[in-house]
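Residue-level structure breakdown
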Amino acid sequence: MGEVEQKPTPASRLGAPENLGVSTLERVQKAPPTPSGKLMTVRIRMLDDTQEAFEVPQRAPGKVLLDAVCSHLNLVEGDYFGLEFPDHKKIMVWLDLLKPIVKQIRRPKHVVVKFVVKFFPPDHTQLQEELTRYLFALQVKQDLAQGRLTCNDTSAALLISHIVQSEIGDFDEALDREHLAKNKYIPQQDALEDKIVEFHHNHIGQTPAESDFQLLEVARRLDMYGIRLHPAKDREGTKINLAVANTGILVFQGFTKINAFNWAKVRKLSFKRKRFLIKLRPDVNSSYQDTLEFLMAGRDFCKSFWKICVEHHAFFRLFEEPKPKPKPVLFSRGSSFRFSGRTQKQVLDYVKEGGHKKVQFERKHSKIHSTRSLASQPTAPNSEAPKQSPQSASLTFGEGAESPGGQSFQQAKETKLSALESGPHQSPALSKSAPGSKAVDGATVVPPEEEEEGGIQRSTPQPPQPSTGSLTGSPHLSELSINSQGGVAPANVTVSPNLSPDTKQASPLISPLLNDQACPRTDDEEEGRRKRSPTDKAYFIAKEVSTTERTYLKDLEVIASWLQSTVSKEDSMPEALKSLIFPNFEPLHKFHTNFLKEIEQRLALWEGRSNAHIRGDYQRIGDVMLRNIQGMKHLAAHLWKHSEALEALEASIKGSRRLEHFCRDFELQKVCYLPLNTFLLRPLHRLMHYKQVLERLCKHHPPSHADFRDCRAALAEITEMVAQLHGTMIKMENFQKLHELKKDLIGIDNLVIPGREFIRLGSLSKLSGKGLQQRMFFLFNDMLLYTSRGLTASNQFKVHGQLPLYGMTVEESEEEWGVPHCLTLRGQRQSIIVAASSRSEMEKWMEDIKMAIALAEKSNGPTPELLASSPPDNKSPDEATAADQESEDDLSASRTSLERQAPHRGNTMVHVCWHRNTSVSMVDFSIAVENQLSGNLLRKFKNSNGWQKLWVVFTNFCLFFYKSHQDNHPLASLPLLGYSLTIPSECENIHKGYVFKLHFKSHVYYFRAESEYTFERWMEVIRSATTSASRAHVLSHKESHLY
């Protein structure tokens, strides 16, 4: 029988440096060291519904895991929180901080441990840290949504109004109602909408931190605040619920409190089998018996409730942590369980006395400006993280959280962003990659084994000619990223800034381009230039035409110059294909070269570099646009040929392994920063950009403006051209995407067939006998593929299976399997259970899968078998032997040398989704095609107030960085999926205008635009890459076209 007496013991661990379960200040005891040995991965579900994985030694006590989570969050008052999980009988229990984790969580792969508030203080003003109050507010929000925090309609509406204020800011009725329609905070929210909006109107000017405070002020007065009900029966057999709070033990009938036993009245708590016993202190004025008995469902339920009562009593009533009982010599009686950790008084004293390192935390609006996360490395909506002090003068990867024992759960890596000094412009002569070398769309990729997602990826040293070179982090180096001598780089060790890991030559880490000390400051120069520039919005729209035209011309050069020059040196491409591609790109390149010159001349006059601006003759762009768009109509025949060229290229690659290797080698060159077939579609995409620019000009100019007539005429001309090519454009986008996906997959044949449409790709966890395992899923209009990433140098994904959509059903099954965001897909031949990373991800997959099933039901026949053990036999006779040999090598590649397979791009969208545990749809790709932007941005240095000017290109969900617009290839890239886009707050000391902030986990970057218009444009296009569109947008955005 377990029991607890109220007498405190004289142990103390105030401000103990070691976060272990026993006192570190007791001389007679030694804190047990963190056990070494085999690691186990434990998935933790945070209060914002994100999941983080922690690796801990199997024999480590639960305290090690809790401390790791608190360290990950920079949470000082972590003693109020706990970890709960379902045991083998599906009973939710708290993780015992003293027992080994492996003895409590028997099958960690199947279990998601929840990080939640465990101890609710009587007054939220006792919470000293703003981060702690924010986490409590998230817990209140979660309890409301789950129906655990019950209250009347007025209180519910008031609570939600504070939540809305913290998420979207001040009252705006239209925005409020739109927000409430998309976010459900309680089950019956619609009936309270008017009252919520009315209350929200009263919160104008209230900051998010104040909203959290007021939310807790309202919530703490509710009977069900911080209450978890435990079903029981009294002696008469009446069904009741027991609960424990900071004041004592409570008795509920339904959700109504009918009794309470204050800690002062309780003498002893114990349990015997499934009977829970409360022994009261004698009271002559009380009608209660000396001992109260309650019957619970079973011994496990009873013991679980007794444990939480013991912990609440110790945390709120004792001054010090209880000292462990001495072990009995012969036999033990009762439970040895005790409370482990600081008491509330110790926590309050510790924080008040400043015994901790102060971590800056600022609460921001979570929905309107940013996507926030709990962790110090933000990952998902609805949370905010404390800002880390800069550790480097360059853009760096963040550090992983460390365990109390000093071992790293997530290896700390710090790979600084750097770039190359651009030499003279090189002729488009491309040499072949050296063996073992690899470039990835103009930037390197940290190998998956050691990758810290989110950081800017940098290009590596390169010879004067545009060859690939040997790159840091190449998958060719197996599991190595910074140690070129064959040993894995140790955790928490950074590379010396004087040596490049691969070549041991001068490293770009000390390049003056992205280094604080060496880079010139551009503040005064930019401020002066900004004052001299025109302020008219039309000028900045015209300037956008100029900057994006520069990028477009560089993209044309990839085909018309670089590819053509390389093809001329190697006889790899058939003459028919050459005559189809290059003669159709050369006229476009020549035309747009002249077009760019004309635009730049007009902008020079507009900026006032002559007296023409006085008369206003040149403060317009419509006439230039109209004249050149009319000239483009004469090139329409060349535009029609681009779709034919794309199809011919892919058909030739399928029939010739030599051409396939040639194209793959060319894609590894830094100048080819996007997939090769994407460049073939650039002319079609550019037409849409012209249309968007002209629409903005027509909207800006009043009809009486001198430029309005020309802009409207140019818009009519380009709209006609886009309408003629629209069907071809959508068809080719799908065709290009299918071929791009084909390069990332192995073990599949005939992916590209007429009628197949790509819908969505992304990372999901598949439930199997081994637990939840990460898999990459690919959804098409007739089937669903699931894959895993191979251990080969190609970094491709190996197909494990396919599920035909015909006859499939999909349903939520979180309750059935006990896994959050869980779906069951039932096919005619196979059923699988998958789990998404968040509720929103699950809903996206549900929506798209249901739509795909509906499309499959309308199809004419079953899906052809796609899984293949060897490539199709469509090569020429002299290539058949090589194909067979390659197939054999593929089968043994994972068992033998990694050099058997050719290098493959490692930062494609498939890999980004894999590492950031998210998904993208064809709708997102289509929107990304339209939202492209180029121009100069200022990037803030980390350790100073200086700003550095960079040429930045946004395309394909990614920012590409150049030293200037004249560079032929990017120096670094930043994939934006998963990033939050915000505006810096005052406490960040960014005393400049037009600054936006990119934030993912520990990666924080500040960029500054030159005007309000360019700032809004950058915000618009980047937001399109960080926020997925809904499926409903597709149908209104573009009609569906099948290849």
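This structure is a prediction, so every number in the text was calculated from the model and none was measured.

Parameters and conventions
Residues numbered from 1 in each chain as written. Predicted model: local features only at pLDDT ≥ 70, side-chain atom pairs only at ≥ 80, totals over all residues. Heavy atoms only, no water. Helix = DSSP H or I, 4+ residues; strand = E, 2+ residues; numbered from the N terminus. Buried < 20%, exposed > 50% of the residue type's maximum accessible area, 1.4 Å probe, protein only. Areas by Shrake-Rupley, 256 points an atom, 1.4 Å probe, with all protein chains shown as cover. Axes fitted to C-alpha atoms, helices over the stretch in contact; angles between N-to-C directions. Parallel < 35°, antiparallel > 145°, perpendicular 65-115°, else oblique. Contact = heavy atoms within 4.5 Å. Nonpolar A, V, L, I, M, F, W, Y, C, P; charged D, E, K, R; others polar. 1 Å grid on protein atoms, 1.4 Å probe; cavity = no way out; pocket = protein on both sides within 12 Å on 5 of 7 lines; lining within 4 Å. Points joined across faces, edges and corners; volume = space filled by probe spheres on them. Core = buried A, V, L, I, M, F, W, Y, C linked by side-chain atoms within 4.5 Å. Polar contact = N/O pair within 3.5 Å; in protein donor to acceptor, adjacent residues only side chain to side chain. Pairing = 2+ DSSP bridges. Salt bridge = Lys/Arg side-chain N within 4 Å of Asp/Glu carboxyl O. Phe/Tyr/Trp six-rings, centres within 6.5 Å; stacked < 30°, edge-to-face > 60°. Lys NZ or Arg CZ within 6 Å of the ring centre and 35° of its normal. Expected span 1.5 Å × (residues − 1). Bend = angle between axes of the 7 residues up to and from the residue. pLDDT = per-residue confidence, 0-100.

**What to know about the overall build of the chain**
When helices and strands are tallied, the chain shows 26 helices and 30 strands. Burial status across the chain gives 58% buried among its 1043 residues. As displayed, the chain offers around 44,000 Å² of accessible surface, 50% of which is attributable to carbon and sulfur atoms.

**Regarding the packing of helix H11 (residues 537-569) against helix H25 (residues 1012-1026)**
Helix packing for two helices is described by the angle between their axes and how far apart those axes are. Between H11 and H25, the least distance of the axes is 9 Å, while the angle of their chain directions is 50°. Relative to H25, H11 is oriented oblique. Across from Lys537, Phe540, Ile541 and Glu544 in H11, the residues of H25 making contact are Tyr1013, Thr1014 and Arg1017. Counted by class, the contact of H11 with H25 contains 3 nonpolar, 1 polar and 3 charged residues.

**A short note on empty space enclosed by the protein**
The calculated volume of the largest cavity comes to roughly 410 Å³. Pro675, Thr678, Lys737, Phe925 and Asn956 are the residues nearest the centre of the largest cavity, which is lined by 31 residues in total. Elements with a minimum of two residues in the lining of the largest cavity: helix H18 (682-700), helix H19 (708-744), helix H23 (909-916), helix H24 (922-930) and strand S26 (958-962). Tallied by class, residues from the lining of the largest cavity come to 16 nonpolar, 8 polar and 7 charged.

**A few points about the nonpolar core**
Leu761, Leu959, Phe996, Leu998 and Trp1018 are the most contacted members of the largest nonpolar core, which has 128 residues in total. With 15 residues, the top contributor of residues to this core is H11. Excluding anything up to four places from it in sequence, Phe996 contacts Leu937, Leu981, Thr982, Pro984, Tyr1005, Tyr1006, Phe1007, Phe1015, Trp1018, Met1019 and Ile1022. Core analysis: the second largest hydrophobic core is formed by 104 residues, Val111, Val116, Leu159 and Phe252 among them.

**Details of the environment of Phe120**
One can find Phe120 in the loop between strand S6 (112-117) and helix H3 (130-145). A sequence separation of 126 residues divides Phe120 from Asn246, and the C-alpha atoms of the two residues are 6.7 Å apart.

**Observations regarding the environment of Lys182**
Structurally, Lys182 is set in helix H5 (residues 173-182). A distance of 3.2 Å separates a polar atom in the side chain of Lys182 from a polar atom in the side chain of Glu178.

**Describing the pairing of strand S2 (residues 39-45)**
Successive side chains on a regular strand alternate, one facing one side of the sheet and the next facing the other. Taken across its 7 residues, S2 has 5 buried, putting it largely inside the fold. By the bridge criterion, 7 bridges tie S2 to strand S3 (residues 51-57) in an arrangement that is antiparallel. Of the residues in S3, the one forming a bridge with Met40 is Val56. Hairpin connection between S2 and S3: a loop of 5 residues separates the two successive antiparallel strands, and Asp49 in this loop has a positive phi of roughly 70°. Bridge analysis of S2 against S6 gives 3 bridges, and the strand direction is parallel. By the bridge assignment for S6, Arg43 is matched with Val112.

**Focus: the pattern of salt bridges**
Counted according to the given criterion, the structure contains 44 salt bridges. Arg148 is paired through a salt bridge with Asp143; the nearest N and O atoms lie 3.1 Å apart. According to the relative accessible area criterion, Asp143 is buried, its value standing at 6%. Among the ionic pairs, Glu1010 bridges to Lys543, the shortest N-O distance being 3.0 Å. Highlighted residues: Glu1010 in the loop between strand S30 (1003-1008) and H25 and Lys543 in helix H11, separated in sequence by 467 residues. Taking the relative accessible area as the measure of exposure, Lys543 reaches 15% and is therefore buried. Each of Glu173, Arg177, Glu193 and Asp194 takes part in salt bridges that share partners, so that together they form one network.

**Looking at the packing of aromatic side chains**
Applying the stated criterion across every chain yields a total of 28 aromatic pairs. Between the aromatic rings of Tyr539 and Phe540, the centroid separation amounts to 5.1 Å while the plane-to-plane angle is 75°, which identifies the pairing as edge-to-face. Side by side, Tyr539 and Phe540 carry an identical accessibility label, which is buried. Pairwise contacts between aromatic rings join Tyr80, Phe81, Phe115, Phe119, Phe120, Phe136, Tyr225, Phe315 and Phe316 into one cluster. The ring centre of Phe925 lies 3.8 Å from the NZ or CZ of Lys737, which sits over that ring. One Lys or Arg, Arg1008, reaches over the ring of Trp947 and ends 5.3 Å from the middle of that ring.

**Examining the pairing of strand S8 (residues 239-244)**
Across the 6 residues of S8, 5 count as buried, placing the element largely inside the fold. Examined bridge by bridge, strand S7 (residues 230-233) and S8 share 4 bridges and lie antiparallel to one another. Looking across to S8, one finds that Lys233 is bridged to Lys239. Taking the residues between adjacent antiparallel strands as the criterion, S7 and S8 are bridged by 5 residues, where Gly237 takes a positive phi near 85°. In terms of strand pairing, S8 meets strand S9 (residues 248-253) through 4 bridges, oriented antiparallel. Following the sheet pairing, Leu242 is matched in S9 by Val251.

**Some remarks on unusual backbone geometry**
One non-glycine residue, Asn74, lies in positive phi territory at about 55°. With respect to the secondary-structure elements, Asn74 resides in the loop between helix H1 (62-73) and strand S4 (81-86). Residue Asn74 is classed as partly exposed on the basis of its relative accessible area of 22%.

**Looking at helix H15 (residues 636-655)**
Residue pairs three or four apart in sequence face the same way in an α-helix, which turns once every 3.6 residues. Its 20 residues give H15 an end-to-end C-alpha distance of 30 Å, which sits within 8% of 28 Å, the value for a rise of 1.5 Å per residue. Taken as a whole, H15 carries its principal kink of about 25° at His642. Of the positions making up H15, those classed as buried are Leu639, His642, Ser643, Ala645, Leu646, Leu649, Glu650, Ser652 and Ile653. Its buried side turned inward, H15 meets helix H12 (575-606), helix H16 (657-667), helix H17 (676-680), H18 and H19.

**As for the confidence of the model for the chain**
This prediction gives the chain a mean pLDDT of 74; 70% of its residues lie at or above 70. Mean pLDDT across the secondary structure elements of the chain bottoms out at helix H22 (residues 877-892), with 35, and peaks at S6, with 94. The model gives residues 3-32 a pLDDT under 50, and that stretch makes 83 contacts with residues more than four places away or in other chains. In the predicted structure, residues 460-521 sits below a pLDDT of 50 and forms 160 contacts with residues beyond four places in sequence or in another chain.

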